[in-house]
Amino acid sequence: MVVIGEHRHTQVQIDLQAIKHNISEEMTRKDPLTELWAVVKANGYGHGIIQVAQAAKQAGATGFCVAILDEALALRQAGLTEPILVLGIVEPEYAALIAEKAISVAVGSQAWLTQAATVLAANQVNAPLHVHLALDTGMGRIGFQTPADLAAAVQTLRQPQSPFDFEGIFTHFSTADQADDTYFIQQLTNWKTLIAAVDELPRYVHVSNSATSLWHQACNGNMIRFGVALYGLNPSGTALSAPYRLQPALSLTAELSFVKHLAAGKSISYGATYTAKQAEWIGTVPIGYADGYERRLQGFHVLVDGRVCEIVGRVCMDQMMVRLPHEVPVGTPVTLVGTDGDQTISLQDIADYCGTIHYEIACGLATRLPRVYTDAE
Ligand SMILES: *Cc1c(COP(=O)(O)O)cnc(C)c1O
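Just so you know, these numbers come straight off a predicted model, no measurement behind them. (Residues numbered from 1 in each chain as written. Predicted model: local features only at pLDDT ≥ 70, side-chain atom pairs only at ≥ 80, totals over all residues. Heavy atoms only, no water.)

(A) The domain arrangement of the protein chain, seen in detail. The domains assigned to the protein chain are domain 1 (31–231) and domain 2 (250–374). The distance between the C-alpha centroids of domain 1 and domain 2 comes to 39 Å. With 7 residues of domain 1 in contact, the opposing surface of domain 2 contributes 7 residues. Buried surface at the junction of domain 1 and domain 2, both sides included, amounts to about 680 Å², of which 64% is carbon and sulfur. Counting every contact that joins domain 1 to domain 2 gives 0 salt bridges. In this assembly, domain 1 and domain 2 are joined by 3 residue pairs in polar contact (both at pLDDT 80 or more). Considered class by class, the residues forming the side of domain 1 that touches domain 2 number 3 nonpolar, 4 polar and no charged. (Domains from an automatic or database assignment. Contact = heavy atoms within 4.5 Å. Buried area = accessible area lost by both parts, 1.4 Å probe. Salt bridge = Lys/Arg side-chain N within 4 Å of Asp/Glu carboxyl O. Polar contact = N/O pair within 3.5 Å; in protein donor to acceptor, adjacent residues only side chain to side chain. Nonpolar A, V, L, I, M, F, W, Y, C, P; charged D, E, K, R; others polar.)

Structure below.
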């Protein structure tokens, strides 16, 4: 099978040691009785779901969180036997598959339990379906909103002969990455009110994404859903500083595929939006918006020979041009994310330029970019 992208020298490099470093830091910081589950949804935030999960496990993660059922199935297929929680709502028609694969799912309504119970009965599944009840304390996405609805669901889960295992209960904070904690405190209050409706709490009680664990550790519960920070990215962007050094795991490199001397007055790329004011050296980089390197990055920069080089003209689908300080050979390395000499470009820098968050840039890197792994151990 052809692996599309393997014969182009444009690659994402993932430093698994950095991932282990970030997890180890969090492992030593959190309460020892609190488990760390690694969030590896969206292909491990673009870093590679299986490789990240394995590295996270080596560093002490005892479970995984994903967004959709297929991500959980991919982890099972790769031989991972730890608990896996699907954070989004899975269609109840897959209840039998979920139970057979010992996957845990977020549930936010009584209707879901009713439909899943029907599916489980029709398929004569023996294994219990592991449920984490989602509580909507202010995120407004999924989950139970009232103590009465929650209590009814708990009663269903705990009925004699229930096909369910009531394994967890959780919520998600929407402002844990902000300095102003007014809304966070409201959500925390709602959480306490809701869980008071559950007389006996299940095995896992969890509220913390990376930001909550980093900045509101006291309310962690007994499991944290550690996501973006394990990749070495600060969940707040630049608003709050992390209690330890987060080590970014991802870099993105290419090689110049074409180098030319451009006469003054000549233009570059679609729309001819850039015209050379003087004679200059221009390099072509084999990457474009089809790789997740956004078109909006015109005017941003890359590193060549440790020097900052502006992206000139529009970013095309598969190629883009940069202005070089001097003539360099074809094949010269280009750093798009990472360090070259004393210069660094972070995913945060790219996100800032694009007016978004690093999460979106990381998980937007296309599969056409091969992921190459290093592990210093
Ligand atoms: C994505 C997600 C997380 C992880 O969030 P980070 O900000 O990456 O740490 C945790 N919990 C839920 C419910 C999520 O959807």
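(B) Examining the UniProt feature "domain: Alanine racemase C-terminal" (unreviewed entry) in the protein chain more closely. As recorded in UniProt, the feature "domain: Alanine racemase C-terminal" (unreviewed entry) lies at residues 249–374. As annotated, residues 249–374 comprises 12% helix and 40% strand, and the C-alpha atoms at either end are separated by 10 Å. (UniProt positions renumbered as here; feature names shortened; annotations may be inferred. Helix = DSSP H or I, 4+ residues; strand = E, 2+ residues; numbered from the N terminus.)

(C) Quick peek at helix 8 (residues 182–195). A rise of 1.5 Å per residue sets the reference length of helix 8, with its 14 residues, at 20 Å; its end C-alpha atoms lie 20 Å apart and thus fit the reference within 8%. Looking only at helix 8, the buried set comprises Phe184, Gln187, Leu188, Trp191, Leu194 and Ile195. Looking down the long axis of helix 8, one finds its buried residues gathered within 125 degrees of arc, a one-sided arrangement. (Expected span 1.5 Å × (residues − 1). Buried < 20%, exposed > 50% of the residue type's maximum accessible area, 1.4 Å probe, protein only. Arc of directions from axis to C-beta.)

(D) Quick look at the packing of helix 3 (residues 49–58) against helix 4 (residues 69–77). Look at helix 3 against helix 4: their axes get within 10 Å of each other, and the N-to-C directions meet at 60 degrees. Once helix 3 is placed against helix 4, the crossing between them reads as right-handed. On the side of helix 3, the interface is formed by Ile49, Ile50 and Ala53, while helix 4 contributes Glu71, Ala74 and Leu75. When the residues that make up the contact of helix 3 with helix 4 are grouped by side-chain class, the tally is 5 nonpolar, no polar and 1 charged. (Axes fitted to C-alpha atoms, helices over the stretch in contact; angles between N-to-C directions. Left-handed = near helix turned anticlockwise from the far one by under 90°.)

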